[in-house]
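Summary of the model geometry
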Amino acid sequence: MVVDGVDGAGDLDGQRVPAPLGGVVGVEVVLRVGAVAGPFLDNVLVFVADDDGEISVLLDALLADGVDGAAAAVAVGRDQTVDCLGGEFAGVLEESDPLGRCHDAIFGHQRQNRFDAGGRGRRAVAGVGRRAGRGADCRGPVAAERTPYGPGPSRWRMLVEEGDVELEVPGEATDGKQEGVFFNPEMELNRDLTVATLRAYRDRAAPAESYLDATAASGARGVRAAADGWDVTMCDVDPDAVALCESNLDRNGCEGTVRHEDANVEMHRRRYDVVDVDPFGTPVPFADAAVRSARGLLCVTATDTAPLCGAHFESGVRKYGCVPRNTEYHAEMGLRVLLSALVRTAARYDVAATPVFSHVSDHYARTYLRVEEGAQAADARIDDLGHVYHCQHCLFRTHERGLLADAPEACPECGEHLQTAGPIWLGAAHDPEFVAAVRERVPEDCGTAGRARDLCATVADELHEPTHYDQHRLTKRWNESAMAMDEFLDRLRAAGHEASRTHYGGTTFKTTADVTEIRAAVA
């Protein structure tokens, strides 16, 4: 496979730069055009031909505004030149053509050949973004079409398979920062575990039937729940998202209700057995309505990890109403700050929120909380809030329950200052039996089945200590060599301490020992 530069007039520049190919409707393309072409992208098209000369691909650097690097590939016959493409497809972008300054030709219908999108006979345009490797866990091939899915102007979209459903999603994978309908393929693990958690909850809490996807976007989460037998309602304020949700339900033959509505309004109006809030950024603006709408299970995702873990301190204080600290167990700090905010919010309405499964994966924290009404039960959850006192110098930490902090004057190990974090959630972040049930119900056909089961197994075995250690951080501080984790944990247990791995990292662990006892046990 070779990549040839083509200027705006369609003339080959003769560079013939080798490049690996794959992933564009059967042909994997690894794009590095942005890094190579730099400021000249406005006037560059890239021509790709396979070894037998039967297929040609035009990679255009500026398919849509706001996309950095090359944005799409178009499969066309080798005998179709740039000029004839321009004549055949002229005017296709009359509504909004960011490429007008570059070239008229950007589209071609893919021929029905060995690169057909999943063999389904669809006429499609092969789409790929600069981050084409993202979403590699999606089981099926990807096809993209330049056709409208809603009342707004036409836009790119592609088909992906997750679990047992086929989803139509925005053609350029997003993490929520860009305008347009939100879809992030890196959240497939999150969605796979949601399906498994819903199954485990339904088996334990019958009857549990209704499910609200409060911030639906493309509807990926809601459609998968509908395909699994839930009475699904999806809600979004974006009319394009509403249209896409409806389209995805129809595509999979699923029943469901889609509402063009603000999530908070919907949750204040109606109650559901399960409420799922998976927004971009913080879930705090939805928390009050969510805890009042959920009858049994509340599912929440937070992607604003910097405020949660204390890296963006002031933002964390404002949003979550507590003091977060940026420590070596920052991921767990973020999770427990989130749980504290949700538990306190629920308690304001005499609702007890109890975590049954929580994990921090990649760039987000995800938790599932059982909710039940009752002032006494809510008071009991408040009793599990408290503070952590942490020494950045020797890594000593301790914790105590209570809404009022009463930190020691100095670290008892080294005499240095102790930082205070809280009030955070100090109780269990999961129910081991429930997590084991989730593991057993991970769908066989999901793209992250192995990773999901491994994560559940690790979480189920975690101790309920509110902080964890990192062996490498400790041994570096002690100027000692690290050892295999199994041996390290065995030494702790042999010294009479409880110890477990954690899902936060390969060298992280929890133990009932303090930092001095850890060093003595593994010496």
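So, here's what we can say about the structure. (Residues numbered from 1 in each chain as written. Predicted model: local features only at pLDDT ≥ 70, side-chain atom pairs only at ≥ 80, totals over all residues. Heavy atoms only, no water.)

1. Remarks on unusual backbone geometry
Backbone torsion omega between Gly-422 and Pro-423 reads 0°, so that peptide bond is classified as cis. Tracing the backbone shows Pro-423 in strand S20 (residues 419-425). For Ala-217, which is not glycine, the phi dihedral falls at a positive 55°. Considering the arrangement of structural elements, one finds Ala-217 in the loop between strand S11 (210-213) and helix H4 (220-227). Although it is not a glycine, Asp-350 adopts a positive phi angle of roughly 55°. Tracing the chain through its elements places Asp-350 in the loop between helix H10 (330-347) and strand S16 (351-361). For Asp-350, a relative accessible area of 40% corresponds to the partly exposed category. (Helix = DSSP H or I, 4+ residues; strand = E, 2+ residues; numbered from the N terminus. Buried < 20%, exposed > 50% of the residue type's maximum accessible area, 1.4 Å probe, protein only.)

2. Looking at the pairing of strand S17 (residues 364-373)
Burial of S17 is extensive: seven of the 10 residues sit out of reach of the surface. Of the pairings in the sheet, the one linking S16 to S17 comprises 10 bridges and is antiparallel in character. In the strand pairing of S17, Thr-354 is matched with Arg-370. Connecting S16 to the antiparallel partner S17 that follows it, the hairpin turn spans two residues, and Asp-362 within it adopts a positive phi of roughly 55°. (Pairing = 2+ DSSP bridges.)

3. Focus on the sheet that holds strand S19 (residues 397-401)
One open sheet holds the three strands; their spatial order is S19-S18-S20, and the pairing between them is antiparallel. Each edge of the open sheet is held by one strand with a lone partner, namely S19 and S20. When strand polarity is set aside, the average angle formed by the axes of neighbouring strands in this sheet is 25°. Examined bridge by bridge, strand S18 (residues 385-390) and S20 share five bridges and lie antiparallel to one another. For Tyr-389, the partnering residue across the bridge sits in S20 and is Thr-420. The strands that H10 touches are S18 and S20; relative to S20, the one it contacts most, it runs at about 50°. (Axes fitted to C-alpha atoms, helices over the stretch in contact; angles between N-to-C directions. Contact = heavy atoms within 4.5 Å.)

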